[in-house]
Amino acid sequence: MTPAAPGARGRLRGGRGLRPVLRIVVIWLSTAFALWFLAWLLPGLDVEDVETAMAAAALLGLLNATAWPLIIRLALPLTVLTLGLFPLLLNGLIIGLNAYLLPGFAVQDLATGVIAALGVTAVNMAVTGLLAIDDDEIYLRRMVRRAGKLSGGAVSDVPGVLFLQVDGLAQAVLKRAIRDGNAPTLASWISAGSHRLIGWETDWS
């Protein structure tokens, strides 16, 4: 793995500090607001007061951070068989578990839990999008740390191959980007004859 560029290292260091704390606080408050608002809309969802909404949001975040990664790995075959619908049920079950553990927070049935989970997700996506909380910085930092652990922290000057997956990037779109000068490195590779651009049809994700 080649060393990270100095600018990238600076961005990684700059991504630390208050940004992760701000993200946690914003998602906590938006989740609490979403639960409080959904309780007003959904007859099967009951939130006793604002304090209960805040506690439910905190507990939901804790459950998502601890239980969800383990559950989704174990349930991966069902996720594939149901074409991605099974995680929706899991989200509803986590909302139900939240209601079971927290007094003053009640969910009538699984369907209500699923709808509440979808509502919370939609509100959080809207809020984080409006506030431009940078998920790319967090993802990049995690990938760099993971690569460092896998390589034992060593940096090598041996040439290698970098595989980059860009979801939803059509061949025609990439060709247009190369033609318009928006992908100069790829354009130089192709014009030099060292690389070729080949399209392929994907299957179900």
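Fair warning: this is a prediction, and the values are worked out from it, not measured in the lab. (Residues numbered from 1 in each chain as written. Predicted model: local features only at pLDDT ≥ 70, side-chain atom pairs only at ≥ 80, totals over all residues. Heavy atoms only, no water.)

Another aspect to go through is the overall build of the protein chain. If you tally the helices and strands in the protein chain, you get 9 helices and 2 strands. N-terminal to C-terminal, the α/β element order of the protein chain is α-α-β-α-α-α-β-α-α-α-α. The buried share of the protein chain, taken over its 205 residues, is 25%. Contacts in the protein chain between residues at least 24 apart in sequence constitute 63% of all its contacts with a sequence separation of at least 6. (Helix = DSSP H or I, 4+ residues; strand = E, 2+ residues; numbered from the N terminus. Buried < 20%, exposed > 50% of the residue type's maximum accessible area, 1.4 Å probe, protein only. Contact = heavy atoms within 4.5 Å.)

The next thing to look at is the nonpolar core. Within soluble globular proteins, side chains that are nonpolar tend to cluster in buried spots. With 22 residues, the main nonpolar core has Leu38, Leu45, Ile95, Phe105, Ala116 and Val120 as its most contacted residues. Among the secondary structure elements, those contributing two or more residues to this core are α2 (18-41), β1 (45-47), α3 (50-74), α5 (86-101) and α6 (110-130). A total of 6 residues in this core trace back to one element, the largest contributor, which is α3. (Core = buried A, V, L, I, M, F, W, Y, C linked by side-chain atoms within 4.5 Å.)

By the definition in use, this model includes 2 aromatic pairs. Look at phenylalanine 33 and phenylalanine 37: their rings are 6.1 Å apart centre to centre, the planes differ by 15 degrees, and that puts the pair in the stacked class. Separated by 4 residues within a single helix, phenylalanine 33 and phenylalanine 37 lie in helix α2, roughly one turn from each other. Assessed through its relative accessible area of 52%, phenylalanine 33 is described here as exposed. Between the aromatic rings of phenylalanine 37 and tryptophan 40, the centroid separation amounts to 5.9 Å while the plane-to-plane angle is 40 degrees, which identifies the pairing as tilted. One end of the pair, phenylalanine 37, and the other, tryptophan 40, are both in helix α2, 3 residues apart, so they sit about a helical turn from each other. Pairwise contacts between aromatic rings join Phe33, Phe37 and Trp40 into one cluster. (Phe/Tyr/Trp six-rings, centres within 6.5 Å; stacked < 30°, edge-to-face > 60°.)

Here we come to α6. Along its 21 residues, α6 runs 30 Å from first to last C-alpha, staying within 8% of the 30 Å computed at 1.5 Å per residue. All of the buried residues in α6 are Thr112, Gly113, Val114, Ala116, Ala117, Gly119, Val120, Asn124 and Thr128. (Expected span 1.5 Å × (residues − 1).)

In contact at an axis separation of 7 Å, α5 and α6 are set at 100 degrees when each is read in the N-to-C sense. Judged on the interaxial angle alone, α6 and α5 are roughly perpendicular. Contacts from Leu88, Leu89, Asn91, Gly92, Leu93 and Ile95 of α5 reach α6 at Leu110, Gly113, Val114, Ala116, Ala117 and Leu118. Broken down by class, the residue content of the contact of α5 with α6 amounts to 9 nonpolar, 3 polar and no charged. (Axes fitted to C-alpha atoms, helices over the stretch in contact; angles between N-to-C directions. Parallel < 35°, antiparallel > 145°, perpendicular 65-115°, else oblique. Nonpolar A, V, L, I, M, F, W, Y, C, P; charged D, E, K, R; others polar.)

The subject of this paragraph is the confidence of the model for the protein chain. Averaged over every residue, the pLDDT of the protein chain is 77; residues scoring 70 or more account for 69%. Within the protein chain, helix α1 (residues 6-14) has the poorest average pLDDT of any element, 44, and helix α9 (residues 184-192) the best, 91. For the stretch residues 1-15, pLDDT sits under 50, and the model shows 14 contacts to residues farther than four places along the chain or on other chains. (pLDDT = per-residue confidence, 0-100.)

A cluster of nonpolar residues, Val21, Val25, Trp28 and Leu29, forms a patch on the protein surface that exposes about 330 Å² of accessible area. Relative to the helices and strands, tryptophan 28 is located in helix α2. (Patch = residues over 30% accessible without salt bridge, like charges linked within 9 Å, V, L, I, M, F, W, Y side chains within 5 Å. Areas by Shrake-Rupley, 256 points an atom, 1.4 Å probe, with all protein chains shown as cover. Salt bridge = Lys/Arg side-chain N within 4 Å of Asp/Glu carboxyl O.)

Here we take up the pattern of salt bridges. Considering all chains together, one arrives at 1 salt bridge under this definition. Here arginine 179 and aspartate 180 are joined by a salt bridge, their closest N and O atoms 3.1 Å apart. For aspartate 180, a relative accessible area of 45% translates into the label partly exposed.

Its place among the elements puts threonine 112 in helix α6. Among the polar contacts listed, one links the side chain of threonine 112 to the side chain of aspartate 109, at a separation of 2.6 Å. Other than its neighbours up to four places away in sequence, threonine 112 contacts Leu42, Gly44, Leu45 and Val107. (Polar contact = N/O pair within 3.5 Å; in protein donor to acceptor, adjacent residues only side chain to side chain.)

On to the environment of valine 47, then. For valine 47, the position within the fold is in strand β1. Valine 47 gets classed as buried once you look at its relative accessible area, which sits at 7%. Once the C-alpha coordinates of valine 47 and leucine 35 are considered, the two residues, 12 residues apart in sequence, prove to be 7.4 Å apart. Excluding residues within four positions of it along the chain, valine 47 makes contact with Leu35, Trp36, Ala39, Thr52, Ala53, Gly104 and Phe105.

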